[in-house]
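# Structural overview for review
What follows is each chain in one-letter form.
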Amino acid sequence: MRQGCISSGEIHCDACQSKIPYLERYLSINEEDGVETAGGELQHYCINCCIKKGYALYREEKGEKVLTFFTE
Ligand SMILES: [Zn+2]
């Protein structure tokens, strides 16, 4: 399951290991060996890693960049 979350400031990205700043958005996702699966381990990814992995993108909307997570 994928879920867009808001960081408490204590979350680290599981891909790049950087701390996700307080109130920054991040994605929690169940993955096993890099593949999304319901029974996989819960991973947290920062915005940059979500974009790299294709789980999120920035769209231009009325001249503003809007982040979209791809969640079910
Ligand atoms: Zn990251």
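The structure under discussion appears in the preceding block.
Scope of this entry: the structure provided in the associated data block.

## Quick word on a nonpolar patch on the surface
On the surface, a nonpolar cluster with roughly 370 Å² of combined accessible area is contributed by Ile6, Tyr22 and Leu23. Note on placement: Tyr22 falls in the loop between β1 (2-6) and β2 (25-32).

## Quick word on the coordination of the zinc ion
Every protein donor of the zinc ion is listed here as Cys13 (SG), Cys16 (SG), Cys46 (SG) and Cys49 (SG), and their distances to the metal cover 2.2 to 2.3 Å. Classification of the site at the zinc ion rests on its four donor atoms, whose angles at the metal span 107 to 115 degrees, yielding the label tetrahedral. Taken in sequence order, the residues that donate to the zinc ion follow the motif C-x2-C-x29-C-x2-C. Given a relative accessible area of 37%, Cys16 falls into the partly exposed group.

## Brief notes about the packing of aromatic side chains
Under the defined criterion, the tally for this structure stands at one aromatic pair. Ring centres of Tyr45 and Tyr55 lie 6.3 Å apart, and the angle between their planes is 25 degrees; this geometry places the pair in the stacked category. Placement of the pair is Tyr45 in strand β4 (residues 41-45) and Tyr55 in the loop between α1 (47-53) and β5 (56-61), with a sequence separation of ten residues. Exposure remark for Tyr55: the relative accessible area of 9% places this residue in the buried category. The cationic tip of Lys65 hangs over the ring face of Tyr58; the distance from NZ or CZ to the ring centre is 5.5 Å.

How each quantity is defined
- Residues numbered from 1 in each chain as written.
- Predicted model: local features only at pLDDT ≥ 70, side-chain atom pairs only at ≥ 80, totals over all residues.
- Heavy atoms only, no water.
- Patch = residues over 30% accessible without salt bridge, like charges linked within 9 Å, V, L, I, M, F, W, Y side chains within 5 Å.
- Areas by Shrake-Rupley, 256 points an atom, 1.4 Å probe, with all protein chains shown as cover.
- Salt bridge = Lys/Arg side-chain N within 4 Å of Asp/Glu carboxyl O.
- Helix = DSSP H or I, 4+ residues; strand = E, 2+ residues; numbered from the N terminus.
- Donors = N, O, S within 2.8 Å, 3.2 Å for Na, K, Ca; no water.
- Tetrahedral: all angles 85-135°; square planar, octahedral: opposite > 155°, others 65-115°.
- Buried < 20%, exposed > 50% of the residue type's maximum accessible area, 1.4 Å probe, protein only.
- Phe/Tyr/Trp six-rings, centres within 6.5 Å; stacked < 30°, edge-to-face > 60°.
- Lys NZ or Arg CZ within 6 Å of the ring centre and 35° of its normal.

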